[in-house]
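Here is what each chain is made of, one letter per residue.
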Amino acid sequence: MSLPPTRWELVGEGNRGYGQHFAALVADGADITGEARLADALVPRHARILDVGSGMGRIAAALAARGHDVVATEPDPALREQSRSTYADLPVLPHEALAIPPLEPFDLVVVVGNVLVYLGEDTERDVLAHLRSLLAPGGRILAGFELASTKNGSRTYPADEFVADVEAAGLGVVWRFGSYELHPPDDDYAVWVLSADQAD
């Protein structure tokens, strides 16, 4: 089955600044694993975690370093290569979200770093439903994205529209925050914890 192009694919070379930005942060010793700290707090030790759109590998590598069984997926060949060169021990699958094959279920699916605002047009509900199908019983999804389009080629994804898509995919919102440090919700960035157990 042919999948529609993602917004990330359509931008193409225009998104190369993402990898360069994080490479510079790594070189400077900056804190680039805030999402991983929250993900780690959501699961027991040695959990099975899927990092969707793992980019240059920063979150998946941080979770693996904490002892979790991590599967990373990144469809962008340039970012996979950057991940290999930065985190040589981290294997990365080449699948985009809708193409992730059936795997052993996950305790947590991580889809952060604005991945959801770069999906293919009108695929959001299908992606959320597919990620739900990859969860173990009691498993959850950690998602985070900018609500208004500020990145090259990304979409605006209002909170109410996202919640409607979540519910249509058989999921429910457990929590919404304004940051990975659990600040109150705001109109700029949203961090969500989703669960099939919370579905109506």
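Preceding block: the structure.
Throughout, residues of each chain are indexed from 1 in the direction in which the sequence is written. Totals for whole chains, interfaces and linings use every residue, but because this is a predicted model, local features are given only for residues with pLDDT of at least 70 and side-chain atom pairs only at 80 or more, for both listing and counting. Computation of side-chain values: all heavy atoms of the structure, hydrogens and water removed.

1. Structural notes on unusual backbone geometry
Move 1: Non-glycine residue His 46 carries a positive phi angle of around 60 degrees.
Move 2: Under the DSSP-based scheme used, a helix requires at least four consecutive residues in state H or I and a strand at least two consecutive residues in state E, with every element numbered from the N terminus. Topologically, His 46 is positioned in the loop between helix H3 (34–41) and strand S1 (48–52).
Move 3: The backbone of Leu 182 sits at a positive phi, close to 70 degrees, despite the residue not being glycine.
Move 4: You can see Leu 182 is positioned in the loop between strand S6 (172–177) and strand S7 (189–195).
Move 5: The partly exposed category is assigned to Leu 182, whose relative accessible area is 43%. Each residue gets one of three labels from its accessible area relative to the maximum for its type: buried under 20%, exposed over 50%, partly exposed in between, using a 1.4 Å probe on protein chains only.

2. Side note on the pairing of strand S4 (residues 106–111)
Move 1: Of all 6 residues that make up S4, 5 are buried, and the element is covered over most of its length.
Move 2: Bridge analysis of S1 against S4 gives 3 bridges, and the strand direction is parallel. Bridged to Ile 49 within S4 is Leu 108.
Move 3: As defined by bridge partners, S4 adjoins strand S5 (residues 135–146) across 5 bridges and the pair is classed as parallel. Pairing between strands is defined by DSSP: at least two bridges between the two strands are required.

3. Some words on the environment of Leu 10
Move 1: In this structure, Leu 10 sits in helix H1 (residues 7–11).
Move 2: Here the alpha-carbon distance between Leu 10 and Tyr 118, two residues 108 residues apart in the chain, equals 9.4 Å.

4. Topic: the packing of helix H2 (residues 16–28) against helix H5 (residues 77–86)
Pairs of packed helices are described in terms of their axes, by the angle between the two and the distance that separates them.
Move 1: As a packed pair, H2 and H5 sit with axes 10 Å apart at the nearest point and diverge in direction by 15 degrees. The angle between H2 and H5 falls in the class roughly parallel. The interaxial crossing formed by H2 with H5 has right-handed handedness. Here Arg 16, Tyr 18, Gly 19 and Ala 23 of H2 lie close against H5, whose contacting residues are Ala 78, Leu 79 and Gln 82.
Move 2: By the convention adopted, Pro, Cys, Tyr, Trp, Phe, Met, Ile, Leu, Val and Ala count as nonpolar, Lys, Arg, Asp and Glu as charged, and the other residues, Gly among them, as polar. Here the residues of the contact of H2 with H5 are counted per class, giving 4 nonpolar, 2 polar and 1 charged. Angular values range over 0 to 180 degrees, each being the angle between N-to-C directions of two axes fitted as lines to C-alpha atoms, with helices fitted over their stretch in contact. Throughout, the term roughly parallel applies to angles under 35 degrees, roughly antiparallel to angles over 145, roughly perpendicular to angles from 65 to 115, and oblique to all others. When the near helix sits turned anticlockwise from the far one by under a right angle, the crossing is termed left-handed; a clockwise turn instead gives a right-handed crossing. In this description, contact between two residues means that some pair of their heavy atoms is separated by no more than 4.5 Å.

5. Thoughts on the packing of aromatic side chains
The relative placement of two aromatic rings is captured by the distance of their centres and the angle of their planes.
Move 1: Only Phe, Tyr and Trp rings take part, Trp by its six-membered ring, and two of them pair if their centres are within 6.5 Å. Stacked means planes under 30 degrees apart, edge-to-face means over 60, and tilted covers everything else. Counted by the stated rule, this structure contains 8 aromatic pairs.
Move 2: Taken together, a centroid distance of 6.4 Å and an interplanar angle of 20 degrees make the contact between Phe 145 and Trp 192 stacked. In this pair, Phe 145 sits in strand S5 while Trp 192 sits in strand S7, placing the two residues 47 residues apart along the sequence.
Move 3: For Phe 145, a relative accessible area of 0% puts it in the buried group.
Move 4: Judged by its relative accessible area of 2%, Trp 192 falls in the buried class.
Move 5: Ring geometry for Phe 162 versus Trp 192: centroids 4.8 Å apart, planes at 50 degrees, classification tilted. Placement of Phe 162 in helix H7 (residues 159–168) and of Trp 192 in strand S7 is noted, with a sequence separation of 30 residues between them. No difference in accessibility class separates Phe 162 from Trp 192, as the two residues are buried.
Move 6: Among the aromatic side chains, those forming a connected cluster through ring pairs are Phe 145, Tyr 157, Phe 162 and Trp 192.

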